[in-house]
Amino acid sequence: MREFSSFEKEIIENIIEIDNKKGSLNVLENILEDVFLPHVYIQFTPKKDCLLKIENKYFEKLSSNYGPIGIASLLKDITEKLILIVSLIDYLSNNSYLILYDDINFDHIGNRIVDLDYIEHPIKDRDLKISLHLLNRKKFKPTEMLHSYVKNGYKTTEQLKKELEEEKQQLKIIRNQKFTIIMTIIIALGNILPVIVDYIKLVDNKPQKIDLVNDKLFIESNCNYINESNNPITSIYFRYNDYNLTEFSKNKLNNLVLYLNKFPKEKIWIIGHTDYLGNSIYNDSLSIKRAKSVSNYLTKNNINKQRINIFGYGENNPINTIKGEEESIGINRRADIYVK
């Protein structure tokens, strides 16, 4: 389907509008009813001639204001419009958008007022006269293709499919861009969150320095102290790079629970440690996790968490470490428990 001018679209829409009106006669007379000036109409003669009829008063006014140039311009404009109309109908009928049928007879096109005087001007284009005579005798039936074409904003099915595909591709590109952005954010958060979490844990559980003064164990930062010897009541040991309790450790803690239940006013200090292997910041975090594992087990066994203080000392307080000897290193993967 080719492109249409605004004037051609007006003609097409007139054809569609008349077709949609029940009982209306879709003929050239009605289609072109509003196309010409109210002072002009076309008269068909039995000898297949076409005369352009111009209202006398309008002709005189046009001639007075613009002279012969005004009349010539009017005739040229009407002739060009008629040629365009004939070409349009020929194109639509040849491409199955419009059906011409029956054989009727109208003697004029346009608004004709009986009581008015008109001046005649013959249409000189022979082919135009023949075409007008032929079309004036036909009824017009727009096909469903033309109805759909106009309804779709003068776009063919192929054009609509192409636009739909382009729209789908554009949406796909936008979705892919959004997905890429979201995944980038998720990956970035995935990389950052562990660092933030570990930092928060380190801030919340900053390793506390333990000093031995006169055989008393002092915990700097809260001024609490253990008024016993500097030896823990018990120690819980962990596997390498791990903070989960073993069954053996749980049995030891069960015995501690029995003791703590007998002395409900006793306070508990749990101090986590690690070996020297690995990053020191990571070891600080790991020592806190070990202390928390012990604390969590005690609270699950009905030891009031208000009695418990936990600290992480990382790799900073080793016991008899001999580098390279696993047994010597392993005893530092521990959590010491003090009771006061």
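Bear in mind the structure is a predicted one, so any value in this text is a computation, not a measurement.

Engineer: Please provide a residue-by-residue account of the overall build of the chain, values included.
Structural biologist: Broken down by element type, the chain carries nine helices and 13 strands. Among the 340 residues that make up the chain, the fraction classed as buried is 37%. Partitioning the contacts of the chain with sequence separation of at least 6, the portion at a separation of at least 24 is 75%. Total accessible area on the chain stands at roughly 21,100 Å², and carbon and sulfur atoms take up 52% of it.

Engineer: Give a detailed account of a negative patch on the surface, specifying residues and quantitative values.
Structural biologist: Residues Glu10, Glu13, Glu33 and Asp34 make up a contiguous surface patch of negative charge. Along the chain, the position of Glu10 falls in helix H1 (residues 6–20).

Engineer: Account for the sheet that holds strand E11 (residues 268–272), naming residues and giving values.
Structural biologist: Strands sit in the order E10-E13-E11-E12 across an open sheet of four strands; the sheet is mixed. Two strands lie at the open edges of the sheet, namely strand E10 (234–237) and strand E12 (308–312), each paired on one side alone. Neighbouring strand axes in the sheet, compared pairwise and without regard to direction, differ in orientation by 20° on average. Judged from the five bridges that link them, E11 and E12 form a sheet pairing that is parallel.

Engineer: Give me the lowdown on the packing of helix H3 (residues 56–94) against helix H4 (residues 126–136), citing residues and values where you can.
Structural biologist: Between H3 and H4, whose axes approach to 10 Å, the crossing angle comes to 55°. Taken together, the axes of H3 and H4 lie oblique to each other. Handedness of the crossing formed by H3 with H4: left-handed. Where H3 abuts H4, its residues Thr79, Leu82, Ile83, Val86 and Ile89 lie against Leu128, Ser131, Leu132 and Leu135. Among the residues making up the contact of H3 with H4, the classes are represented as seven nonpolar, two polar and no charged.

Engineer: I'd like a rundown of the sheet that holds strand E5 (residues 118–122), residues and numbers included.
Structural biologist: In a beta sheet, neighbouring strands pair by backbone hydrogen bonds and run either parallel or antiparallel. The strand order across the open sheet formed by four strands is E4-E1-E2-E5, and the pairing between neighbours is antiparallel. Of all the strands in the sheet, just strand E4 (108–110) and E5 have a single pairing partner and so form its edges. For this sheet the average axis-to-axis angle between neighbouring strands, irrespective of direction, equals 25°. Two elements, strand E2 (residues 50–55) and E5, share five bridges in a ladder whose sense is antiparallel.

Engineer: Could you give an account of unusual backbone geometry, with specific residues and numbers?
Structural biologist: Although it is not a glycine, Tyr154 adopts a positive phi angle of roughly 60°. Mapped onto the elements, Tyr154 comes out in the loop between helix H5 (144–151) and helix H6 (157–204). Notably, Asn302 is not glycine yet its phi reads approximately 70°, a positive angle. Within the secondary structure layout, Asn302 lies in the loop between helix H8 (280–300) and E12. For Asn302, a relative accessible area of 69% gives the class exposed.

Engineer: Any details on the packing of H1 against H5? Residues and values, ideally.
Structural biologist: At a closest axis distance of 11 Å, the pairing of H1 and H5 adopts a crossing angle of 115°. Relative to H5, the crossing made by H1 is left-handed. Where H1 abuts H5, its residues Ile12, Glu13, Ile16, Asp19 and Asn20 lie against Leu146, His147 and Val150. Among the residues forming the contact of H1 with H5, the class breakdown is four nonpolar, two polar and two charged.

Engineer: Residues and numbers for H1, please.
Structural biologist: Side chains that are three or four residues apart share a direction in an α-helix, a result of its 3.6 residues per turn. Compared with the 21 Å implied by 1.5 Å per residue over 15 residues, the 21 Å span of H1 between its first and last C-alpha is a close match. Among the residues of H1, Phe7, Glu8, Ile11, Ile12, Asn14, Ile15, Ile16 and Ile18 are the ones counted as buried. If you follow the buried residues of H1, they end up packed against helix H2 (28–31), H3, strand E3 (98–101), strand E6 (139–142) and H5.

Engineer: Residue-level account of the confidence of the model for the chain, with values.
Structural biologist: Here the chain shows a mean pLDDT of 82. Residues at 70 or above account for 86%. For the chain, per-element mean pLDDT is lowest for strand E7 (residues 210–213), which scores 35, and highest for E11, which scores 94. Residue range residues 201–229 is modelled with pLDDT below 50. Its contacts to residues more than four positions away, or to other chains, number 57 contacts.

Engineer: Please give an account of a nonpolar patch on the surface that cites residues and values.
Structural biologist: A cluster of nonpolar side chains, Phe179, Ile182, Met183, Ile186 and Ile187, forms an exposed patch at the surface whose accessible area comes to about 480 Å². Assignment of secondary structure puts Met183 in helix H6. When its relative accessible area of 31% is taken as the criterion, Met183 is described as partly exposed.

Engineer: Residue-level account of the packing of aromatic side chains, with values.
Structural biologist: Scanning all chains against the criterion turns up six aromatic pairs. Here the aromatic rings of Tyr259 and Phe263 are separated by 4.9 Å at their centres, their planes lie at 45°, and the arrangement is tilted. In this structure an aromatic cluster arises from ring pairing among Phe4, Tyr91, Tyr97, Tyr149 and Tyr154. The ring of Tyr91 has Arg2 sitting right over it, with the charged end atom 4.8 Å from the ring centre. The lysine or arginine in question, Lys9, covers the ring of Tyr154, its NZ or CZ lying 4.8 Å from the ring centre.

The rules we used
- Residues numbered from 1 in each chain as written.
- Predicted model: local features only at pLDDT ≥ 70, side-chain atom pairs only at ≥ 80, totals over all residues.
- Heavy atoms only, no water.
- Helix = DSSP H or I, 4+ residues; strand = E, 2+ residues; numbered from the N terminus.
- Buried < 20%, exposed > 50% of the residue type's maximum accessible area, 1.4 Å probe, protein only.
- Contact = heavy atoms within 4.5 Å.
- Areas by Shrake-Rupley, 256 points an atom, 1.4 Å probe, with all protein chains shown as cover.
- Patch = residues over 30% accessible without salt bridge, like charges linked within 9 Å, V, L, I, M, F, W, Y side chains within 5 Å.
- Salt bridge = Lys/Arg side-chain N within 4 Å of Asp/Glu carboxyl O.
- Lys, Arg positive; Asp, Glu negative; His and termini not counted.
- Charge placed at Lys NZ, Arg CZ, Asp CG, Glu CD.
- Pairing = 2+ DSSP bridges.
- Axes fitted to C-alpha atoms, helices over the stretch in contact; angles between N-to-C directions.
- Parallel < 35°, antiparallel > 145°, perpendicular 65-115°, else oblique.
- Left-handed = near helix turned anticlockwise from the far one by under 90°.
- Nonpolar A, V, L, I, M, F, W, Y, C, P; charged D, E, K, R; others polar.
- Expected span 1.5 Å × (residues − 1).
- pLDDT = per-residue confidence, 0-100.
- Phe/Tyr/Trp six-rings, centres within 6.5 Å; stacked < 30°, edge-to-face > 60°.
- Lys NZ or Arg CZ within 6 Å of the ring centre and 35° of its normal.

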